[in-house]
Amino acid sequence: MAGTFFKRVFAYILDMLIVSLLVMLLSYIPLLNPNRNAYSEKYNELFNVSEQVNNNEISEEEYNEAAIPISYDIYRLSTPTVIINVVCYLLYFGVLPFLYNGQTIGKKLFQIRVVSASDKKLSLANYLLRATILGNIIISIGSTLVVYIFNVNNFYPIYQNLNLVGYIINYVSLFMILVRQDNRGIHDFVANTKVIFTEEEMAERLNKIEKEQKILEDELEKNKEEKIVKAKVRKTSAKKANKKETNQKK
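Residues numbered from 1 in each chain as written. Predicted model: local features only at pLDDT ≥ 70, side-chain atom pairs only at ≥ 80, totals over all residues. Heavy atoms only, no water.

## Focus: the overall build of the protein chain
Put simply, the test is: Only DSSP runs of H or I covering at least 4 residues are called helices, and only runs of E covering at least 2 are called strands; the numbering of each starts at the N terminus. Between two residues, a contact is recorded if the distance between any of their heavy atoms is within 4.5 Å. Only the protein chains shown count as covering a residue, and every accessible area follows the Shrake-Rupley method with a 1.4 Å probe.
What the protein chain contains, in helices and strands, is 10 helices and two strands. Starting at the N terminus and ending at the C terminus, the protein chain contains elements arranged as α-α-α-α-α-β-α-α-α-α-β-α. Taking all contacts inside the protein chain whose residues are at least 6 apart in sequence as the whole, residues at least 24 apart take part in 72%. Working note: accessible area of the protein chain is about 16500 Å², and carbon and sulfur atoms make up 61% of it.

## Considering a nonpolar patch on the surface
Stated formally: Only residues whose relative accessible area exceeds 30% and that form no salt bridge are eligible for patches; like-charged ones are grouped when within 9 Å, while nonpolar side chains (Val, Leu, Ile, Met, Phe, Trp, Tyr) are grouped when within 5 Å. Any carboxyl oxygen of Asp or Glu that lies within 4 Å of a side-chain nitrogen of Lys or Arg is treated as forming a salt bridge with it.
A contiguous nonpolar patch, built from I141, L145, Y148, I149 and F150 and spanning about 470 Å² of accessible area, is present on the exposed surface. Structurally, F150 can be placed in the loop between α7 (137-149) and α8 (155-179).

## Focus: the environment of T4
Heads up, the condition is: Three exposure classes are used, based on accessible area relative to the maximum for each residue type with a 1.4 Å probe and protein chains only: buried under 20%, partly exposed in between, and exposed over 50%.
Within the secondary structure layout, T4 lies in the segment before α1 (5-27). The exposure class of T4 is buried, given its relative accessible area of 0%. A sequence separation of 177 residues divides T4 from Q181, and the C-alpha atoms of the two residues are 9.8 Å apart. Those residues within four positions of T4 in sequence are excluded, and the remaining contacts are N183, V195 and F197.

## What about the nonpolar core?
For clarity, the cut-off: For our purposes a nonpolar core is just a set of buried Ala, Val, Leu, Ile, Met, Phe, Trp, Tyr and Cys residues, chained together by side-chain atoms within 4.5 Å.
Counting 11 residues, the largest nonpolar core is built from V19, V23, I84, V86, C88, Y89, Y92, F93, A131, L134 and I137. Only α1, α4 (79-99) and α6 (124-134) provide two or more residues apiece to this core. If one sorts the elements of this core by residue count, α4 sits on top with six residues. Beyond its immediate chain neighbours, meaning those up to four positions away, I84 contacts V23, L26, S27, L32 and N33. With eight residues, the next largest nonpolar core counts L46, I58, Y63 and A67 among its residues.

## Here's the deal with unusual backbone geometry
The backbone of Q111 shows a phi angle near 60°, a positive value even though the residue is not glycine. The topology assignment puts Q111 in the loop between α5 (105-109) and β1 (112-116). Even without glycine at this site, D119 takes up a positive phi of about 60°. With respect to the secondary-structure elements, D119 resides in the loop between β1 and α6.

## Re helix α3 (residues 60-77)
The following threshold applies: Expected helix span is taken as 1.5 Å per residue step, with the number of steps being one fewer than the number of residues.
Compared with the 26 Å implied by 1.5 Å per residue over 18 residues, the 25 Å span of α3 between its first and last C-alpha is a close match. Residues Y63, A67, I70, S71, Y72, I74 and L77 constitute the buried set of α3.

## What to know about the packing of aromatic side chains
As a reminder of what qualifies: A pair of Phe, Tyr and Trp rings is counted when the ring centres sit within 6.5 Å of each other, with Trp represented by its six-membered ring. The angle between the planes then sorts it: under 30 degrees is stacked, over 60 is edge-to-face, the rest tilted. Each ring is checked for a lysine NZ or an arginine CZ that lies within 6 Å of its centre and within 35 degrees of its normal; such an atom marks a charge sitting over the ring.
Under the counting rule described, the total for this entry stands at 12 aromatic pairs. Ring centres of Y75 and F155 lie 5.9 Å apart, and the angle between their planes is 70°; this geometry places the pair in the edge-to-face category. Here Y75, found in helix α3, pairs with F155, found in helix α8; they are 80 residues apart in sequence, far enough to count as distant. Given a relative accessible area of 0%, F155 falls into the buried group. Aromatic rings pair up to connect Y72, Y75, F155, Y156 and Y159 into one cluster. Between R184 and the ring centre of F189, over which it is positioned, the NZ or CZ distance is 4.1 Å.

## Quick word on the pattern of salt bridges
Applying the stated criterion across every chain, the model contains five salt bridges. D73 is the salt-bridge partner of K42, the closest N and O atoms lying 3.2 Å from each other. Here D73 lies in helix α3 and K42 lies in helix α2 (residues 36-54), a separation of 31 residues in the sequence. The class for K42 is partly exposed, based on a relative accessible area of 23%. Judged by relative accessible area, D73 falls into the partly exposed class, the value being 27%. Three or more residues are tied together by salt bridges with common partners; here these are R8, R130 and D188.

If you want it as structure tokens, here you go:
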């Protein structure tokens with residue numbers, strides 16, 4: 001249904017804030033993320049190298065030689081966080097809508113929901129598939145596997161290209177949602193879904209349209225009455241003018 005674009009964007013932003021907060025909190029649990037301290041140390045190491053090149057203490061070439069191995073370690077150490085993120089994303093955008101009539105917290109707040117594009121009941125697989133494409137889950141997993149499949153000298157170009165593919169998918173999908181009449185993105189076509197207004201939102205919109213139509217009709221009626229009054233005034237004025245002219249001739 002047309003007109004859901006901005007509601008979808010704001011709902012998604014809110015949902016992502018919730019998921020990001022949840023991932024951040026879970027990432028602080030040592031059992032779930034045993035690499036947190038080592039990750040922080042490597043990240044600080046990369047930051048220091050960045051500061052050195054910004055302060056012209058080292059050249060760009062020296063920076064690349066130092067930064068790429070550190071980045072390689074960072075990507076490896078971030079594996080538990082990636083797993084937490086994937087699980088939370090699929091649970092929130094896949095399982096939650098399946099359990100609550102096609103809605104997340106954001107969609108509930110903005111009165112929209114996910115339904116089948118062919119008027120069939122959506123299964124859990126539909127919602128999970130939709131979430132997988134929407135969240136670039138395959139790209140995230142692939143980017144993580146790259147640092148285990150390839151060595152430090154070969155991983156970076158492949159890692160960059162994978163993430164570039166993810167960005168392209170996101171932008172194309174966003175463009176489709178913006179310009180298409182049904183506001184369906186790539187993830188909607190893959191999962192056979194669409195996003196519509198809830199019954200409450202539709203009722204509010206219809207009520208608003210009816211009020212606007214009533215105001216317009218009242219304005220038209222008022223203008224019609226004013227025209228009738230003006231016509232009568234002109235007619236009366238014309239009669240008085242004719243009568244006065246007749247009396248003057250006499």
